[in-house]
Amino acid sequence: MLSRKLRLGAVAIVLGALTLATQVVSPTFQEYRRNTRSLERMQVFHAALRAATLVSAERGPGNSLMGDDNDPDSPYLARLQTYRESSDLALDELGRALSADSDAAGEGAPEALTLVRQRLAVGRREVDRVAALPRQARSPEQIRQAITTMFTVVDTLVPVVNACGARIIENDNKLAGPVILARLMGDLRENAGRIGSLLVPSLVTGQPMNTAQRHGVNRLRGRVEQLGATLEQHAAVVLHDDATTHLMEQVQRRYFGAALDLVDEVVQASLAGRVYPLTAGQFTERIVPDFRPLETLRERVVVLTMQRAVAARDAARNSMLLSLAAVLASLLVLVAILVGADRLVFRPLLRAKREIVELAKGDLREVPPPPARGREVTALFEAIGVLRQRQREALVRDKERQVLSERLRRQAETDALTGLLNRRALEQFGEELSHPDSAGMAAGLILFDIDYFKRINDSHGHLAGDRVLQEVARRVQAMIRGDDILVRYGGEEFAFLTQASPGRDALRAKAEKLRAELQARPIVTEDGVSLTVTCSFGVAEVLPGDGAWLRLFQAADAALYAAKGGGRNRVEVAEPIE
Ligand SMILES: Nc1nc2c(ncn2[C@@H]2O[C@H](COP(=O)(O)OP(=O)(O)OP(=O)(O)O)[C@@H](O)[C@H]2O)c(=O)[nH]1
């Protein structure tokens, strides 16, 4: 019972410790998982940004080609091919990243990407169709149409990029800053590219911009300035190292400076009706490089954020492993303490309890020694051993005392001369017979007395008398059977008592047999005198019960008296007792 309680207690302690351990490890594990997910989502976001940039950049050589002569050796043709391959590769990579991300797949990103590819194919066909026409045959409308179709490709891709960014923020809102910054720079790159693309039809045809084009350029300029102001604020908050500051300066100088100045120059020429200072191809060649610092800065933002995510993930993993190791070590120590307490304290105590209970029950058998334990437990079992030894000694003493008192009791009930039971023993039997609750068969009593014994003493001496008494006792004792007892209850008086009387006739026959046996052979004294001894017998029988003994004894005694009176050496049987 106790050991079951102990075991239950130990299980409760271990379960409690496990619960606490889970509380300790769980936050670090969550942190590790969040950082791992952030990193995975940053990689997808990175691939999406890259694809958007490359699809956007593909417009540059496309525009240049549409503004160039229809020359199969045109350098723009080869460049467009290279750009298209790059954006195809980036889209393939994004496709793989999106299908590996189950959340993105759930939000329909792969389907959106398929639409991007379809629209890209349409846009490319449009560009190729315009570029295949002789230069003079290309109308501004056709060129605008081809460029607008390419715009829709990016417009279709932007929601995919935004969704990738949103998934990062949803997982860890601390990453909102860099994600917004990266998207901001993507927007800036796209809007500036679009301004250039709006100018291309005019540059190709040499015609001034129409009102819609001018409005479009103004709108995009305004948006670029707005985004520029936001970028400045955000960049300072998110990244504030020297390299970023340097890149921001370059962005200011080249993107917001040189690139937008070139746009303004073309716009001014168009408004003044002047000849454009450069062709569409030259325009693209000059403006695109000034977008680079913006792209480099964005790449830096993404890469640095990913590096931080890697560092945070590794730190969380280390912290988790450390917590796990500490928790495991604590659990091990706890289990060791419980096992130790069980083996060194509880089990020995339970065994000691068992041994003491056995001792109390009187089981003094030797038990194998307990396995070696601590000092206290060893002392406890030594004490139990001492207790057991003392109990054993006490038991031995008890037995000796019992034997002794039995011997004394026998001695008290034994006649020293003949070795027969004495009067005291006879009285005890008498008491039992007289007990009011006694019941059962009738008891028989034969009292007998040596005839003229005084004469033997007087004639041959007291020793000869003793010898006669001993021989009479020996001979009658030899004729005793079963539970019958023989008592010397007076000097030369003997009593034969049977607790299961065979009946008065049988008692008489028994007395006759004794009488004949005693008379038959003379008794030889130590002096060599041969003496023939006779005895007189009084026989009686009584049923057990209150006062039975007295009645029995008196009846047998009266019969004996009658036998003496009747001439001795004879048997007299008393009348049945009522
Ligand atoms: N040697 C010896 N004599 C004893 C012992 N005890 C009693 N006596 C003697 O036994 C004798 C008994 O004598 P009585 O009572 O007169 O009886 P009796 O001589 O046998 O005569 P009846 O019984 O009438 O035949 C006495 O002399 C006692 O001294 C004993 O232990 N040893």
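Described in the following lines is the structure provided in the data block.

Here is what the cut-offs are and how they apply
- Residues numbered from 1 in each chain as written.
- Predicted model: local features only at pLDDT ≥ 70, side-chain atom pairs only at ≥ 80, totals over all residues.
- Heavy atoms only, no water.
- Helix = DSSP H or I, 4+ residues; strand = E, 2+ residues; numbered from the N terminus.
- Contact = heavy atoms within 4.5 Å.
- Areas by Shrake-Rupley, 256 points an atom, 1.4 Å probe, with all protein chains shown as cover.
- Buried < 20%, exposed > 50% of the residue type's maximum accessible area, 1.4 Å probe, protein only.
- Pairing = 2+ DSSP bridges.
- Axes fitted to C-alpha atoms, helices over the stretch in contact; angles between N-to-C directions.
- Near = heavy atom within 4 Å.
- Polar contact = N/O pair within 3.5 Å; in protein donor to acceptor, adjacent residues only side chain to side chain.
- Nonpolar A, V, L, I, M, F, W, Y, C, P; charged D, E, K, R; others polar.
- Expected span 1.5 Å × (residues − 1).
- Arc of directions from axis to C-beta.
- Core = buried A, V, L, I, M, F, W, Y, C linked by side-chain atoms within 4.5 Å.
- Parallel < 35°, antiparallel > 145°, perpendicular 65-115°, else oblique.
- Left-handed = near helix turned anticlockwise from the far one by under 90°.

**Quick word on the overall build of the protein chain**
For step 1, the next point in the chain: Counting its regular elements, the protein chain contains 17 helices and 7 strands.
For step 2, the next point in the chain: Pairs at least 24 residues apart make up 77% of the contacts formed inside the protein chain by residues separated by at least 6 positions.
For step 3, the next point in the chain: Summing over all exposed atoms, the protein chain offers an accessible surface of approximately 30400 Å²; the carbon and sulfur share of this is 56%.

**Considerations on the environment of alanine 269**
For step 1, the next point in the chain: With respect to the secondary-structure elements, alanine 269 resides in helix α9 (residues 242-272).
For step 2, the next point in the chain: Among the residues examined, alanine 269 registers a relative accessible area of 2% and is labelled buried.
For step 3, the next point in the chain: For the pair formed by alanine 269 and methionine 209, sequence separation is 60 residues and the distance between their alpha carbons is 9.8 Å.

**So, the sheet that holds strand β3 (residues 493-498)**
In sheet architecture, strand pairing relies on hydrogen bonds along the backbone and comes in two forms, parallel and antiparallel.
For step 1, the next point in the chain: In spatial order, the strands read β2-β3-β1-β6-β7; together these 5 strands make up an open sheet with mixed pairing. Every interior strand has two partners, whereas the edge strands, β2 (485-488) and β7 (571-573), have only one. Along the sheet, successive strands turn relative to each other by an average axial angle of 20°, direction set aside.
For step 2, the next point in the chain: Pairing of strand β6 (residues 535-542) with β7, which is carried by 3 bridges, proceeds in the parallel orientation. In the sheet register, glycine 538 faces β7, and the bridge partner there is glutamate 572.
For step 3, the next point in the chain: Strands in contact with helix α13 (residues 423-434) are β1 (443-450), β2, β3 and β6; relative to β2, the strand with the most contacts, it is inclined by about 130°.
For step 4, the next point in the chain: In the packing of helix α16 (residues 504-520) onto the sheet, the strands contacted are β1, β3, β6 and β7, and the crossing angle to β6 comes to about 160°.

**Things to note about unusual backbone geometry**
For step 1, the next point in the chain: Even without a glycine there, the phi angle at tyrosine 452 is positive, about 50°.
For step 2, the next point in the chain: Relative to the helices and strands, tyrosine 452 is located in the loop between β1 and α14 (453-460).
For step 3, the next point in the chain: Since its relative accessible area comes to 38%, tyrosine 452 is described here as partly exposed.
For step 4, the next point in the chain: We note that asparagine 569 has phi near 45°; this positive angle belongs to a residue other than glycine.

**Looking at the environment of leucine 420**
For step 1, the next point in the chain: For leucine 420, the position within the fold is in the loop between α12 (375-413) and α13.
For step 2, the next point in the chain: A sequence separation of 50 residues divides leucine 420 from glutamine 470, and the C-alpha atoms of the two residues are 9.4 Å apart.

**Quick word on the site of the ligand**
For step 1, the next point in the chain: In the vicinity of the ligand, 16 residues are found, and the nearest of them are Tyr452, Phe453, Asn457, Asp466 and Arg568.
For step 2, the next point in the chain: In the model, an oxygen atom of the ligand is placed 3.2 Å from a nitrogen or oxygen of the isoleucine 450 main chain.
For step 3, the next point in the chain: The side chain of lysine 564 places a nitrogen or oxygen atom 3.1 Å from an oxygen atom of the ligand.
For step 4, the next point in the chain: Elements represented by at least two residues in the shell around the ligand include exactly β1, α14 and α15 (462-478).
For step 5, the next point in the chain: Looking at side-chain class alone, the shell around the ligand contains 4 nonpolar, 4 polar and 8 charged residues.

**Focus: the side chain of aspartate 290**
For step 1, the next point in the chain: Mapped onto the secondary structure, aspartate 290 falls in the loop between α10 (280-287) and α11 (292-361).
For step 2, the next point in the chain: Using a relative accessible area of 13% as the deciding quantity, one classes aspartate 290 as buried.
For step 3, the next point in the chain: A distance of 3.1 Å separates a polar atom in the side chain of aspartate 290 from a polar atom in the side chain of arginine 254.
For step 4, the next point in the chain: Excluding its chain neighbours within four sequence positions, the residues that come into contact with aspartate 290 are Arg254, Tyr255, Ala258 and Ala259.

**Brief notes about α16**
For step 1, the next point in the chain: Its 17 residues give α16 an end-to-end C-alpha distance of 24 Å, which sits within 8% of 24 Å, the value for a rise of 1.5 Å per residue.
For step 2, the next point in the chain: When we look at burial in α16, the residues that qualify are Leu507, Ala511, Leu514, Arg515 and Leu518. Here the buried residues of α16 occupy an arc of 100° about the axis, which is enough to place them on one side. Among the exposed residues of α16, those oriented more than 90 degrees off its buried face are Asp505, Lys513 and Ala520.
For step 3, the next point in the chain: Close packing links the buried residues of α16 with β1, α15, β3, β6 and β7.

**What to know about the pairing of β1**
For step 1, the next point in the chain: In terms of burial, β1 is largely enclosed, as 8 of its 8 residues are buried.
For step 2, the next point in the chain: Burial along β1 is two-sided: the residues Ala443, Leu445, Leu447 and Asp449 and Gly444, Ile446, Phe448 and Ile450 are all buried.
For step 3, the next point in the chain: Pairing of β1 with β6, which is carried by 8 bridges, proceeds in the antiparallel orientation. Residue pairing across strands places aspartate 449 opposite serine 536, the latter belonging to β6.
For step 4, the next point in the chain: As paired elements, β1 and β3 share 6 bridges and run antiparallel to each other. When the bridges of β3 are listed, leucine 445 appears paired with leucine 497.

**Focus: the nonpolar core**
For step 1, the next point in the chain: Grouped together as the largest cluster of nonpolar side chains are 85 residues, with contacts concentrated most on Leu98, Leu157, Leu199, Leu231, Tyr255 and Phe283.
For step 2, the next point in the chain: Looking at this core element by element, the count peaks at 13 residues for helix α7 (residues 176-205).
For step 3, the next point in the chain: Here tyrosine 255 is in contact with Leu188, Arg189, Ala192, Val224, Gln250, Leu260, Asp290, Phe291 and Leu294, once residues within four sequence places are set aside.

**Points about the packing of helix α5 (residues 109-132) against helix α6 (residues 140-171)**
For step 1, the next point in the chain: Relative orientation of the contacting elements α5 and α6 amounts to 165°, with a least axis distance of 9 Å. Judged on the interaxial angle alone, α6 and α5 are roughly antiparallel. Where α5 crosses over α6, the handedness of that crossing is left-handed.
For step 2, the next point in the chain: For the contact of α5 with α6, the residue count by class is 14 nonpolar, 6 polar and 4 charged.

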